[in-house]
Amino acid sequence: MEQNKNTILEIHDLSISFRMYDSRFEQTELKVISDLYLSVSPGEIVAVAGASGSGKSLLASAVLGLLPANASLSGHIHYKGQELTPELQKNLRGGGIALVPQSVEFLDPLMKVRSQTGGRDKAKTAERTRVFKRLGLPDDTENLYPFELSGGMARRVLVSTAMLSSAELIIADEPTPGMSLEQSLQALTMFRELAREGRAIILITHDIDLAFEFADRVAVFYAGTTVETAPASDFKQGPRALRHPYSKALWEALPQNSFRPIPGSQPYPGDLPKGCLFAPRCPMRTAECMEHVPPVRQIRGGEVRCFYGS
Amino acid sequence: MALEAKNVSFRYGSNKTWVLENKSLSLERGECLVILAPSGYGKTTLAMLLAGYLKPERGEILLDGRPLPMSGVCPVQLIFQHPEKALNPRWRMRRVLEESGAIQEDMMDEFGIERAWLDRFPRELSGGEMQRFCIARALMSGAEFIICDEISTMLDTISQAQIWELVLREAAKRDIGILAITHNRFLAGRIADRIIDLSADRG
């Protein structure tokens, strides 16, 4: 497939499987990501939304080369037009790509916050003081150990590490839970400023109502595949502007909308349906959906993996 | 009467600042009370106190006018934000449920738990699916009150709506009182009979 030189990260047909052993010690393959696609350009914030367990965090690990040894990967990941190899990943970790991890347990429990956010260096200290202040962290935060922080404070320290890096690509995995609305808005405003400097940002989040406001585009994941990517403005408009029945269902289930969930649950990776992964729960499914995986189609400035998306 | 916190104060260590100071609230059976507050206001501490995980330094927690029982299953059950941390990773889900009583077939449908999930380990389920087990476990134990501490924060909107539909329906059926902690005002508006805003009475 042709590489777009202007993107920072471009992912095509990515599949990830885990080799597992069952109770009789027989090897089985668990396919956790199937034919996933995603791209992000300089200056752009792409929000990734979707079901819990749909492979959002796994994607971050795949890009950074942090998958466990029993994972096998197929498909293409390109960083600035170059195939992302393990050597390149090693160079980019902590340099070209910064990760805001999902779990606050990623902070080193034996190091004070200062040492984990640039150390005693003068320029770094000034920068840290500025960033902490804007994130609403108290002055003495740098002297605390992680166990002395509340959940929301730890989350803000993690976010600050991305603000303090000079990475061109920032992957923020659930940066806002535990923060108040005002703190979340502040953190997202700062991500937007980083984007204006020309950096690319992937924002993995469940707070989709915030994502609609702050992102340029939204990618919706389901059962390890991308079902739709669309301009964030389409999500603000609501179901009529959306293309995939799962995206519409996500929007409808927001408490500020109808709060009505569709029934059923996401398929288990060991037991994926043969055709469209969403078909078993889809109100619009036909015999074709149960048999064949729908291709990705371009519709109204977005992409959708559905035979009937319009 | 019902579940009551009376002039409760708590701090983590006798030389630390108070996390909660002289707080009182009460909750009736069949009622859903939502506590709204940003992080660091002592919401989770309050939840731990009400469910008997922590003891208040001053004041008392009363159930129908008496202290929480010290033995047996606590009639006030806490459901946590991270179900993966509240489940034994080496137990299959069947064993998790059996811990709070024999598995009844009709309950599986009520809680939206598929039969195949019973033979899986927690890591083989999604967050929403694990949370269903945590709710089933709490309700099957004969709880009279449940404390829901940000139980849907880590879930997608569809799972969140499913979980709350389940909790509200099953609690109403059993006349259980719910204390829900969240920072999502829209969610609070959907589920609450009554809302207490903790941020209103402090800084």
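Above this text you will find the structure in question.
Small disclaimer: the values here were computed from a predicted structure and weren't measured.

Some words on the sheet that holds strand S6 (residues 76–79) of chain B
All names here are of chain B.
Right, so step 1: Ordered by their spatial adjacency, five strands build an open sheet running S6-S7-S8-S3-S9, and the pairing between neighbours is parallel. Both outer strands of the open sheet, S6 and strand S9 (194–197), are each paired with one neighbouring strand and no more. On average, each strand axis in the sheet is inclined to that of its neighbour by 20°, with strand direction left out of account.
Right, so step 2: Bridge count between strand S3 (residues 32–36) and S9: four bridges; the pairing is parallel. Note on S9: the bridge partner recorded for leucine 33 is arginine 194.
Right, so step 3: Across the face of the sheet, helix H1 (residues 43–50) comes into contact with S3, S6, strand S7 (145–149) and strand S8 (177–182) while running at roughly 160° to S7.
Right, so step 4: Against the sheet, helix H5 (residues 157–174) touches S3, S7 and S8, its axis set at about 155° to S8.

With respect to the nonpolar core
Right, so step 1: The biggest cluster of nonpolar side chains holds 105 residues, and the ones touching the most others in it are Phe191(A), Tyr246(A), Ile146(B) and Trp164(B).
Right, so step 2: Once residues lying within four places of it in the same chain are set aside, the contact partners of Tyr246(A) are Gly50(A), Ala51(A), Val220(A), Phe221(A), Tyr222(A), Val227(A), Phe278(A), Asp156(B) and Ile158(B).
Right, so step 3: Membership of the second largest hydrophobic core comes to 35 residues, among which are Ile11(A), Leu59(A), Ala71(A) and Ile97(A).

Some words on the pattern of salt bridges
Right, so step 1: Going through the model one piece at a time under the given rule, you end up with 27 salt bridges over all chains.
Right, so step 2: Here Lys80(A) and Glu168(A) are joined by a salt bridge, their closest N and O atoms 2.7 Å apart. Taken together, the positions of Lys80(A) in the loop between strand S4 (71–79) and strand S5 (82–83) and Glu168(A) in the loop between helix H5 (151–164) and strand S7 (169–173) put the pair 88 residues apart, joining distant regions of the chain.
Right, so step 3: Given the relative accessible area of 34%, Glu168(A) is considered partly exposed.
Right, so step 4: One salt bridge in this structure joins Glu110(B) and Arg174(B), with 3.7 Å as the shortest N-O distance. Here Glu110(B) is found in helix H3 (residues 105–110), whereas its partner Arg174(B) is found in helix H5, with 64 residues between them in sequence.

Looking at the interface of chain A and chain B
Right, so step 1: Contacts between the two partners involve 34 residues from chain A and, on the opposite side, 30 residues from chain B.
Right, so step 2: For the pair chain A and chain B, the two sides together bury roughly 2,400 Å², of which 58% comes from carbon and sulfur.
Right, so step 3: Together, Pro255(A), Phe259(A) and Tyr268(A) form the three largest contributors to the area buried by chain A at its contact with chain B, with a combined 25%.
Right, so step 4: Inspection of the chain A/chain B interface yields one salt bridge.
Right, so step 5: A salt bridge links Lys85(B) to Glu105(A), with the nearest nitrogen and oxygen atoms 3.2 Å apart.
Right, so step 6: The tally of links from chain A across to chain B stands at seven residue pairs in polar contact (both at pLDDT 80 or more).

Rules and cut-offs
- Residues numbered from 1 in each chain as written.
- Chains lettered and ligands numbered in written order.
- Predicted model: local features only at pLDDT ≥ 70, side-chain atom pairs only at ≥ 80, totals over all residues.
- Heavy atoms only, no water.
- Pairing = 2+ DSSP bridges.
- Helix = DSSP H or I, 4+ residues; strand = E, 2+ residues; numbered from the N terminus.
- Axes fitted to C-alpha atoms, helices over the stretch in contact; angles between N-to-C directions.
- Contact = heavy atoms within 4.5 Å.
- Core = buried A, V, L, I, M, F, W, Y, C linked by side-chain atoms within 4.5 Å.
- Buried < 20%, exposed > 50% of the residue type's maximum accessible area, 1.4 Å probe, protein only.
- Salt bridge = Lys/Arg side-chain N within 4 Å of Asp/Glu carboxyl O.
- Buried area = accessible area lost by both parts, 1.4 Å probe.
- Polar contact = N/O pair within 3.5 Å; in protein donor to acceptor, adjacent residues only side chain to side chain.

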